[in-house]
Each structure stands twice: as structure tokens, then as C-alpha cells.
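Coordinates in review
Each chain, letter by letter, is given below.
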Amino acid sequence: MSSSAPRARSLAWALVGPTLALLIAFNVFPLLYNIASSFTNAELIGGEWRSVGGANYARVFEDELFAGALRRTALFVVCAVTLELLLGFALALSLHRGLPGKQVVLTILLVPMMLSPAVMGLYWNLVLNGNYGVVNQGLTALGFDPPQWLTDRDLKFWSILLIDVWMWTPFMMLIALAGLNAIPPSIYEAAQIDRARPWKVFTRITLPMCTPVLGLAVLFRATDALKQFDLVMAVTGPNDAATQTLSTLLYQVVFRDGSVGLGAAFSCVILVLVIALATVFTRYIDRLQSKDVTA
Amino acid sequence: MRTNSWTLPALLALGLIACSGEASRESETKTADASATPSIKVWWFQWDPATGLQELGREFQAETGIAVEVQQIPLASYQEKVFLEFGGSRTNFDIVIGDSQWIGRGASGGLYVELTDWLPTVVDLATIHPRAAKYLCEYPEGSGRWYAAPCETDAVGLAYRKDWFEDPKERAAFQARYGRELAVPATYEEFRQVAEFFQRPDEKRYGCAMPSDRNYDGLTMGVQNLLWAFGGKWKDEDSNKVVGHLDTQGTADAIEFFKTLMKLGPKGCERLDYGQVLESFTNGSTAMILNYFAFFPGIHAQFGDKVGFAVVPSHEGRRVASLGGQGLSISAKIPKEQQERAKRFIAWFLQRSVQEKWITKPAGFTANAEILSSPDFRAKTPFNGPFADSVDAMRDFWNVPVFNKLLAATQRYVGMAVDGEMPTQEALQKLALEKERILKEAGLL
Amino acid sequence: MKWLRWLVVALYLLIATAPLAWMGLSSLKRRADTISPHAKVLPAAEAPSDPTSPRFEATLDAYRELNVVHAGAQQSFWRHLGSSVLIGLVSTLASVALGTCCAYGFSRFRVPGAKDWLFFVLSTRFLPPLAVVVPVLIMYRTLDLQGTHVGLIVLYTVFNLSLSVWLMKGFLDEIPRAFEEAALVDGYTRAQAFVRVVLPEARTGMAVTAVFCLISSWNEYGFAMTLNSSGAVTVPAYFAGLQGNIEGMPWPQIAAGALVFVAPIVLFTVLVRENLLRGMTFGTIKQ
Amino acid sequence: MNALELIDVSKRFGATSALDGVNLSVGEREFVVVLGPTGAGKTTLLRTIAGLEAPDRGQVRLFGADCTHASPAARDVALVFQNFSLYPGKTVRENLAFPLLAPGRQLAAREVDERIQWAAQLLRIERLLDRSARKLSGGEMQRVAIGRAIVRRPRLFLMDEPLTNLDAKLREELRVELRELARRLETPVVWVTHDSAEALSMADRIVALFAGRVVQVASPRELYLRPSTPAVARQLGSPPMNLIEVRRAGAAWRLPNGDEFGAAGVEAPSEALLGFRPEHVRLDGGASEAVVEVVEHLGPQRVVVLRWGGAIVHATAPTSIDIAVHQRVKPSVPPERCIVWPRS
């Protein structure tokens, strides 16, 4: 079937061509446009482009804003994905061996990840409102002095992070469950015959068998967390120094300030970082997929 | 579940068919509308005055046969949406009621139609309140070049719980604690005292609230009332220079004072947008708010006599109110005949008789100086008097073409100062440098 | 150990569902009750006389008012939902169709530079949409696609392709080639073999892929907001646009709308739930 | 007319050559077994005949017509795969009907039913017809897979190790049955296997394929007795043919340690590889001594492993003879039973 006949080759291109063409059109043209405009003073509306040399790049590297957004985004990705992974895996382990009503529980648990982050971010403003929010009213009634979740400068970043964890832990749980389901029962039976301790079974069988699929789940979640935009926009807006992420800073620079050239320079810097990250990740995936885990 | 895996595509397809039918109907009605009656589309942000303007628009249609549609865009995204439209080859709106600060960007970018020669032919410019003309309509300020006709004049004012202020028990307690009568505060010191008096979180009662949101311009509008009163400035009026003018003791004092007020409000009051300021008042928990007059008719309608209104407090005799309000500008990116229709509407709107109707609409605040100074107007509502007084005291933030960058920087650095993330002096110095950088880049310095 | 598992699940269930339950309650309130400093937690038939009471009068007004064109919007919720449905469904179908074809090509044929292409496909997923939105905007202005349903459909299709290709490739790789080869020898053409043999075997994968594509385009916000000042505004952009609403947020309608908005996705997910559990291993655990 | 002719067919995959100048013909009712070790190119050969691979060079002719570039569908051959047997989502009946419902075939519904019934009867799987393919045992699955092939009455059967995944008993049973079936259907078969017993028991003719080349084409008996290369020799028989390295000294072969093995012809090369079947080794009458290392009992006979002059030699011995480990014997091999391959 993998015949090298020209007919097969043209069929292959006919199958993969449209997808690749679309992806190229929507990624390569923007890339070229960004590179070109990053050396100019391009504005969102009107005006001729005037070359400014590397000034935009100089600002990206000098201005604390950009470094801050990068740092914050990295922190967000690491913390959110770690928490989601741990919680999701713990839940999956708890659910895997069956509880009464597992199917119903599972469905309910999945709901947060189906909600729109933009709408939910908005809604959390009501729930976590420092004045009339139900959470703080509840805490006050219990005798606590509740924190200002969304306005305290040290706390609001973490509040957004927790909302993200609330929304996306179900995704990790789902994938972990799929992984656990796919482990052949015969392997556990063998362990039972050997009278292995539960902890041993977990570290020697369950964990290594699930690692590859969890790795992919982490990859997909990390790519999403890297783009974090909706929640920050909904909770604090794009111009809050304590919560600015890559995407929201870009929004502020490009759409509020109208500085397309500066935004393009920043995008190009992000792109370089992203390619580096993506390379590491695809290597990892390659290794996972070529390794036959069950041996 | 195997059979079910086909259900999804099936449902998808069904929904699709249903929706495409819906969509095609939608486009049909649209084209039908366009051919039937000539119409103009006005964009404004979402609030009461826009509804009032829509009502006036119906009268205009009755008189001229030109339909007027006022579309209300939420404030937080209003600026982006309008300028996104201007980025295209034709705007979706014919008239934009643009925020006062936008006028430089609209005028110098060739986005607004210049009205300098045309406007005097339809209205006596002398009847327009000079501050409204300067901030809402002209660019550069006071240059005599007009890019907008005044629509809504607005300023920040004070609303307070009259019922609490008049409660004898409260009055006695206040007298005992501060040695003076509980009265509507005239100065910021008094304002702070009263706020402190009413700040009782245990009773879910709070002292004061004012705009402090970081998203669009809330914090800047909230702070600048104090800023000017305390002798601070955004810039040197003549030279646009910022360093040495913004980073002064007066500005720093104002921000420090503002920070003390942030402790006397509902929880989270250091980040309230206009709507949330209003909310904290209308849910009955806050004694005083500083907010735009345009909201006061709604408050009055809800609370009646339980509320009172006043001009913003002063400091050492200086009283300045943040200007609000917007002018009517015609998009340069629409066909000539649409521009002519837009002009007809503006000319109609500026007539004295229509302005008289305008002030009967909720928060329809005219810029007509004669109407504003008439005793009739002042007596009509509890807030008209303070409003008329405020118009004389109003000032605006930047309105140069790069106001948006200046605004973003201001929001950021003042925000850091208010949050205590950066010492106030340091934040102001950094802000001043940043502003000069932006101005230089734009060739304004 | 069993009680521990129970505890973990029960605790998390509480945390996960409490905000949703509160949303349900909020959708039954009047606006003033949603922002009351005295939390209203108990629905009642009649309004209580005491304003500090935890009771509130339950009403379905919020749901009824979804067909009202709310101040600050240009269309009613239902029209925005219509846009969301149209855009979400068409883009999902297109992503799954294109992604399946592409994955089939990579899975069964020797495409020159296949590894590099697949890497390229995956790498498009890393880039924040905001980094490409300005050029896309320029492109759309030229093509007159700004603010149209078609514009968003194309965009969502494209940005779901990487997920779709990678998921489908995992699924298709697990279908033995012999399935189609047998059909070819039996007298079917390649296209017929694809439709008659491969697609039925891949439907689990397609359903899973569709759910994920649908969730992401249904809820997408960045493009929906920046590319549409009016016109094809989807529900997330509509609701998020109400933020900073000068008269305060219409919380009951937002709660009601959010619940209505998530319902179709929950329904789809329930339908393909078991496929999700079977399918989401990306071919990393071989049986 | 031959059912199948391959003329100089070659096929490369990247750097490796899967088929290298293969020539092959199959008669109209012939049962041909292609025998070769794993990786010899057997599967590629079948796929090339079926049209799933296009040869780089050479010609494929079916019933006299050039089919080199014809699509698989146009060739009207049936292929039974080694690893795939059935569509798991379909029932047995649906699986059997699938080839009949192919678009070009246009059979009436009744005829489809009749053919399914016929094939099911032939293979004794009638009771399985409405069962899901997932719920079949290995043997049942393989029967149905073969049913899929016969049901449409193709011009040629191609079988790719169809019995490999079955257990030994079932394999032997099906071997006999399928040989009989092929005879009854009067359809030529190309059967690929690495199992020499299968090849020997079923084939009219065996094609020995090594590293993409046809090494020998012969009847089972001839191939068994006179393999053309040591490789073919190794592939056939259990235990396989003995292959030992010898040198000629005068008129006798000498084993590696110098002991005498037996007489050599005068024209024989000075160094050679000798091949002889275990059953041709006698345990007496030789010139030199060997030690019995292992004795395996295989029912009717025993296999004796001998250490003989530095080489290991397998021999068979009837159960009637007493023989024990460590016993010393003087084995001999009749010269006419030895195949000589010169070494250089």
C-alpha cells in the first residue's frame, strides 16, 4: 500500500494538502507579517509604516512588562498544570476502581471543562466578589476574615490560577482514567499472584504505564495554559500589572495601545521561545510513541 | 455506546441545517431593511442616555423619514471596537459618540469628519458651554477646529444616602465623635471623616466608593478628581512636558489620600468599575459614592428622597471634577450621502427645542450654556443644580492622539502606587518618564 | 483505602459543583438578590419582608429575558447562541473531516518529510492566538471576512486542526492497514474502502475529536472578540462584552445564559462519554 | 495457460531489496507454497501479486494478461492475511457478505445469501453466521477469514501464513482440510509460509525464497532430498538437515578434528560443506567414533545428538535400538545420501 507509484503520492498529497495549506496560510503569513512589522512603528489604524530598526525589540528586552508577563506565564503554566495533574490523577485513581454511581459522578466532574472560560471568569467575579460574593459572606459567617480574592495584589494571580485548576482538572482526570482503563488487567493479576504491596503495584505498574499518556495530557494542557487569556481578561482585564500574561499583554499593546509594531516584535520573541518549547515536547512525544510500554 | 458515537455527527448535522436556515433568513431581513428606509447608525456605549437618544431618534425619523438606530456597546470594550471599525474600509456606524479623550486620535487620524466650517451654519457656537467645547469638540483644545458636536456633557459628582445623613441617631453619634454636625462633605478631609464614620463592615455598611478599575479608565477618572484638587497635574499645560510636573508633591499627596479612602469602602473597593461603584450604592451598603452624574437619575429613580447629590469635594479651595461626556462625530469612512444624513441628524439634535427635550430624558445632559444656567433646569431635579455647578469645574485627561497609551501607562503606574506595589513617588517618576517617551515617539514633545 | 477514595471524590465533587449550583440559584434570582450583601441561598415562593433574610423569591424571569436584547448588546442571547451553534458545528465538522483526511494521509502513505510536517502541525498549537490576530485581521479585511460567520468558522477550523490531526492519527494508526487492503483486494476502490471500512472503525476517534474541537470552538473568546465588533458575535464574546456594564452586570441572565450555553456540550459529552475513556490514550498504551 | 506468471519482478523499500528478480509461474490448478524464513520477502511477493504493491521492475501476469499496474480490485484474486482476519465490528455473515457487496460485483441479494450459505457449509461455520466477529475463537476466526476468500470464487487464492497464529493441533487439522478444499474448488493457490511441514504436506510445488530471490523451485520430495543451497536445506525438515564442514584427504572426507567421515568422490573439492538428513545417518559401520550427547524421544522414533569429530550431528534411530547418553558409536552416512557444496 505504501507504493511509491506517482498515483499514491498524489493521493497522499491530496489528503494532507488542504490541512497543511490552511495551516500554512494562517501561520506563515502572520509570521511574515509580524516579522516585517516588528521593525516598524505600525499602528492598528491608519498611518504609513516607518522603519524604526530594532527599537521595538530593544523595548521588549528592556521593558519590565514583557519580562514580567513571560515570568508570570511560566509560573502559571508550571503551577496550574502541576496542580491539575496531581488532583486529576488522584481523582482518576479514586474513581477508577469503581464507586457507586461512578458514571454520574464522572459526568458531573467533567462539566467545568466544558464551560466557557470567558463566561465563567466573569461569573467568578460575582462568586468571589469581596463585598457581596457568596464565598466571602460564607467565610465571614464562619468567623474568618476573608481575603480579597480578585483585588488583593498578591492574591489575584493565584485566584485566577485556582479558577483554571477548577476548570481543567477534569481534563487531566479524564485522560488519566483513559490511561488506567487501558492497562491490561492481566498485569495486575500477575502482581496479585506475586502478592505485591499496593504501593509497589502503584509505583511499579500503574505509574509507569500511565506516564506516557499523562505526559501528553500535560503537553496539551501546557500549550493551553501558555495561551491563558480568557480568565485574566474576565477577572482583572489586560492592563493589571499583577496578572498580565503573554496573551493579555499582547492584547493591551496591540488593541488598547494600538502599537502593532511593538506587539509584532513581542510575538516574534514569543515565537522563538515557543519553537524551542515545541521542539522539546515533540521529541518527548516521539519517544513516548515509539516506546512499546507494555513490552 | 458504539451506536451513540454516530449520534454526535447526526445531531451536529441537524443543528447545522437548522442554523443555516436561520442565518439565511437573517441576511434576507437585513437586505430588505437596507433598501426600504434610509437610516443612520449611531454607536454609543451602553447606559441610560443612549436609550434617551434612541427615543429622540424616533422623533427625528417621524420628521425626516431617516431612521436612527443607536447601538449600545459595553464600555469596557467600546474603545477597541470603535477603533477596530475605523481600521476597516467602512465603519459599521455613521455617527460615533466617542469618549472625550479620543478626539485627538479621531481628528489627526482622519477618522472623524471635520465640522469647523459646517457647525456654525447650524448652531450658534456661543451657546455651547466653553468647557464642553474645549474638551468634547475641539482638537487641539481651544484651537477652534471642531471634530464633534456636543452630545452628552458629564462630570463626576457625589451621591450620598440622605436618609443616613438625616438619621438623628447618626447625627448625634457623629457630633459626639467629631465635634461637628454630620453634613454633606465640602472638602476631602470632611469626606474622609464621614466615610470613616459610616465604615462598619460588621453591619455591612461602608463609607465610600469611587471608580478605581484598572480595565479601561476607571482608576484615572477616580484619582484625577483628587489630583487636581490637591494641586497635582498630569502635565504642563503649555509645553506638554510631564517630568517635573506630574511627579510632584501635589500628585503624590492626592494618591496617598486616595489610598486612605480605599480603606473606607466595601471590600475590594480598590478595583471597582463604574457599574460596580453604582452597585455598591444601589445594594444599599455604601454611604457615599463619587461617580458620573449620568448615573444619578437612575439612583434617584430607585431611592427617591433617600438620596442626595452634590458637587465633588474640594481641597484648599480647589474643586475639579473629572469630565465625562461625549461628542457626536461623523465617521470619515462612510459614503458621502450617509455623511449628509448624519449631519442632518446632528443639526436637528442641536436645535434649542430638541435640547429642551434632551434634558427631559434620563441623564440627557445638554452642553447648551443657556439651558444649563436657567433656574428652570436647576430646579427640575435634585441633581441638576450640582450638575450645572460641576460643568464649570470640569477638566479632562489627555486627548492627544496617543491618549490611549498615556491612559494605559497611567492606569498601570497609578494602580501600582494605589496597590502599594511601588512607592508612590517612584511610580510617579516612572510614569512621567514613560509618558514623555510616548509623547516623544508621537512627535508631541 | 476505600473510605479515602470516597472522601477524595466527595470533597472534590463538592468543590467542583458548588459554583455550578450557585449559578443555578443565581439564574432564579432577580438582579438585586444576586448582589445583596446578605447572601440569598434559599429559594422561596414569595419575597421575604426582611431584606437581610437568606430567602429570595425564585423566578424564571432571567430565562424569559434571554430573548430580550439587553442593553449593551446588539442582539438577544438566542441570536448569539445561533451564531455559536452555526460556527461551532460547522467548524467542528470541518476540523474533524480535514483532520481525519490529513491523519489518514500521514498514517497510510509515505509523505515526504512527514515528521517535519507533523511537528509543524503540532507547533501551531503553541502559538497564542493574540500573536497572529493582527495579520489575520488584515487578511480578513482584504477578503471581507471580518465580522462574518464564515470568517470565524474558517479560523476555528484551522486552529482545531492540530488537535484533530494528532488525535485522529493516534486512532487511525491503531486500525490495521489490512482492514483496507482486504477491502481493496475484495474489489473496493480506495475511497470506498476508506468510507466503508476505515471510517466505521474510526468513529470512536472521530467522536472524541469532535467533542474536543467543539468544546474549544464553542468557548473560544480571543478571536471572537477581536475579529468581530458586530455581526457574528458568539456567546462568550457577548457575555464577556457585558463586562464593565455601566449599570452593573445582569447576573441572573448571565447565569441563565451560561447554563443554557453549556447544556448542548454536556449532552454531547454524555453521549460519547465511554468513547472518551477508551480513546484518549493517543496510542501510548498498546493492547 | 498459467494462472500466474511473475517475470523478473523486483521491489525495493528504501535501502532494502524485498524482491530481487523473481520469476515464478503457477499452473491453473496448482497449489504452490512459497517457503522462506522471516524477512525473505514472502509477504511482499503476495502483496505484489494482489496489487497492493507495485513492483519497481518486472511484470505480473494473471491468466495470460499483464496485470502489473492493474488495481487490486481488477485482479479478482483473494488474499488471506496473516494478522488480520475479520472486521471486528461486523457479524460473521456481514464479514462474508462484504466481498460480495463490492460495487463492481452487482450480485443479487439471493445470490449473496446462497454463496454465504455455500461457503459456511463448506467450512462448517453455519452456526457462527450471526455471531459478532469479536466473539470468535482463533480457529473459528481463521475459518471465517478463509470463507471471506472463497465466497466470491476468485481466480486465485493468496494465503499469507494463514495458520501461523493457531495452535499445533488445529493447524494440522486445517492443513488437511484446506488442501482438500483447494482441490475441490479447482482454484490455484499461492500459499506463503515459513513452516516446512506445512510446505511439504500441502504443496504441489515449493518455491524457496531467500532474501528476495527464488533459490529453488521443486516438488516437496525433491526439495527435501536435494536442496539447492545450504539455506534451503536448513529451512526444511525437523530436525533439519545436518551441515558439516569437511576437508578432503585423498579419497575420504575428514571431520574438523581430522577423524575420517567417509568416502568422497575423486572429483570432489578439497574443502566442502556436507549436507545429509538425520534419517540417513546409521549408528554403526563408520570409521571413527562419536559420543551420544542427547537422546530425544519423539514417539515413533528418537533423535540422537552426536558429537562426532568436532561437529554436532543429528541422527534418527528407531525405538527398537537401545541407545543411551555417553554411549560411543561409530556412525556412517552412505555417500549417495550426501550433498556436497564446495567451499573456498
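Reading guide: rules and limits
Residues numbered from 1 in each chain as written. Chains lettered and ligands numbered in written order. Predicted model: local features only at pLDDT ≥ 70, side-chain atom pairs only at ≥ 80, totals over all residues. Heavy atoms only, no water. Helix = DSSP H or I, 4+ residues; strand = E, 2+ residues; numbered from the N terminus. Buried < 20%, exposed > 50% of the residue type's maximum accessible area, 1.4 Å probe, protein only. Contact = heavy atoms within 4.5 Å. Areas by Shrake-Rupley, 256 points an atom, 1.4 Å probe, with all protein chains shown as cover. Lys, Arg positive; Asp, Glu negative; His and termini not counted. Charge placed at Lys NZ, Arg CZ, Asp CG, Glu CD. Patch = residues over 30% accessible without salt bridge, like charges linked within 9 Å, V, L, I, M, F, W, Y side chains within 5 Å. Salt bridge = Lys/Arg side-chain N within 4 Å of Asp/Glu carboxyl O. Arc of directions from axis to C-beta. Pairing = 2+ DSSP bridges. Buried area = accessible area lost by both parts, 1.4 Å probe. Polar contact = N/O pair within 3.5 Å; in protein donor to acceptor, adjacent residues only side chain to side chain. Nonpolar A, V, L, I, M, F, W, Y, C, P; charged D, E, K, R; others polar. Axes fitted to C-alpha atoms, helices over the stretch in contact; angles between N-to-C directions. Parallel < 35°, antiparallel > 145°, perpendicular 65-115°, else oblique. Left-handed = near helix turned anticlockwise from the far one by under 90°.

Moving on, we come to the overall build of chain C. Check the secondary structure of chain C and you find 13 helices and 2 strands. The principal-axis extents of the C-alpha atoms in chain C amount to approximately 80 × 60 × 30 Å. Looking at the 287 residues of chain C, the share that counts as buried comes to 66%. Residue pairs in contact within chain C that sit at least 24 positions apart in sequence constitute 73% of those at least 6 positions apart. Summing over all exposed atoms, chain C offers an accessible surface of approximately 9500 Å²; the carbon and sulfur share of this is 67%. In chain C, which carries 22 positive and 17 negative side-chain charges, the distance between the mean positions of the two groups comes to 7 Å.

Among the surface-exposed residues, Ile24(A), Val28(A), Leu32(A), Ile35(A) and Phe39(A) lie close enough to one another that they form a single nonpolar patch of about 380 Å² accessible area. Structurally, the position occupied by Val28(A) is in helix α1 (residues 6–37).

To continue, consider helix α2 (residues 55–62) of chain A. Residue and element names in this part refer to chain A. Within the span of α2, buried status applies to Asn56, Tyr57, Arg59 and Val60. One side of α2 carries all its buried residues, which in axial view fall inside an arc of 160°. α2 presents Phe61 and Glu62 as exposed residues on the side facing more than 90 degrees away from its buried surface.

So, about the side chain of Arg161(B). As for its position among the elements, Arg161(B) is in strand β4 (residues 149–161). Among residues more than four places away in sequence, those in contact with Arg161(B) are Phe281(B), Gly284(B), Thr286(B), Ala287(B), Phe303(B), Lys306(B) and Val307(B).

Let's shift gears to the sheet that holds strand β15 (residues 290–298) of chain D. Residues and elements named next belong to chain D. One open sheet holds the 4 strands; their spatial order is β17-β16-β15-β18, and the pairing between them is antiparallel. Only two strands of the sheet have a single neighbouring strand rather than two, namely β17 (311–318) and β18 (328–329). Examined bridge by bridge, strand β16 (residues 301–308) and β17 share 8 bridges and lie antiparallel to one another. Across the sheet, residue Arg302 finds its bridge partner in β17, namely Ala317.

Taken together, the contacts link 24 residues of chain D with 15 residues of chain C. Together, the buried faces of chain D and chain C total about 1600 Å²; carbon and sulfur atoms form 62% of this surface. For Asp186(C), the salt bridge is made with Arg152(D), and the minimal N-O distance between the two is 3.3 Å. Taken together, the links from chain D to chain C amount to 8 residue pairs in polar contact (both at pLDDT 80 or more). Mapped onto the side of chain D that touches chain C, the elements with two or more residues apiece are α1 (42–50), α2 (72–75), β6 (77–80) and α3 (92–100) of chain D. Among the elements that take part in the side of chain D that touches chain C, β6(D) stands out by supplying 3 residues, more than any other. Considered class by class, the residues forming the side of chain D that touches chain C number 18 nonpolar, 1 polar and 5 charged.

On to the sheet that holds strand β2 (residues 16–26) of chain D, then. The sheet built from 4 strands is open, its strands ordered β2-β1-β4-β5 (chain D) with antiparallel pairing. Every interior strand has two partners, whereas the edge strands, β2 and β5 (65–66) of chain D, have only one.

Before going further, it helps to spend a moment on the interface of chain C and chain A. On the side of chain A, 106 residues touch chain C, which itself brings 102 residues to the contact. Here chain C meets chain A over a buried area of about 9800 Å², counting both sides, of which 77% is carbon and sulfur. Summed over the shared surface of chain C and chain A, the result is 1 salt bridge. Summed over the shared surface of chain C and chain A, the result is 14 residue pairs in polar contact (both at pLDDT 80 or more). Counting residues per element, the side of chain C that touches chain A draws most heavily on helix α1 (residues 2–26) of chain C, which supplies 14 residues.

Let us look at the packing of helix α9 (residues 218–229) of chain B against helix α18 (residues 403–419) of chain B. All names here are of chain B. Packing of α9 against α18 leaves a shortest axis separation of 9 Å and a crossing angle of 70°. Viewed along their axes, α9 and α18 adopt a mutual orientation that is roughly perpendicular. Where α9 crosses over α18, the handedness of that crossing is left-handed. Seen from α9, the contacting residues are Gly218, Leu219, Thr220 and Val223; seen from α18, they are Leu407, Thr410, Gln411, Val414, Gly415 and Val418. For the contact of α9 with α18, the residue count by class is 5 nonpolar, 5 polar and no charged.

Right, let's talk about the environment of Glu28(D) for a bit. All names here are of chain D. One can find Glu28 in the loop between β2 and β3 (31–35). Under the relative-accessibility criterion, Glu28 is labelled partly exposed at 43%. Not counting residues within four places of it along the chain, the set of residues in contact with Glu28 comprises Met1, Ala3, Phe63, Glu186, Thr187 and Pro188.

Residue and element names in this part refer to chain B. Most of strand β8 (residues 321–330) is tucked away, with 10 of its 10 residues classed as buried. By the bridge criterion, 5 bridges tie strand β3 (residues 95–99) to β8 in an arrangement that is antiparallel. What sits directly across from Gly98, in β8, is Gly327. Pairing between β4 and β8: 6 bridges, direction antiparallel. Paired with Asp154 across the bridge in β8 is Gly324. Summarising the sheet, β8 and strand β9 (residues 394–395) pair through 2 bridges and their orientation is parallel. Directly across from Ser322, in β9, lies its bridge partner Arg395.

We now examine the pairing of β6(D). Residues and elements named next belong to chain D. Burial along β6 is two-sided: the face carrying Val77 and Leu79 and the face carrying Ala78 and Val80 are both buried. Where β6 meets strand β7 (residues 156–160), 4 bridges bridge the pair, whose relative direction is parallel. Paired with Leu79 across the two strands is Leu158, which belongs to β7.

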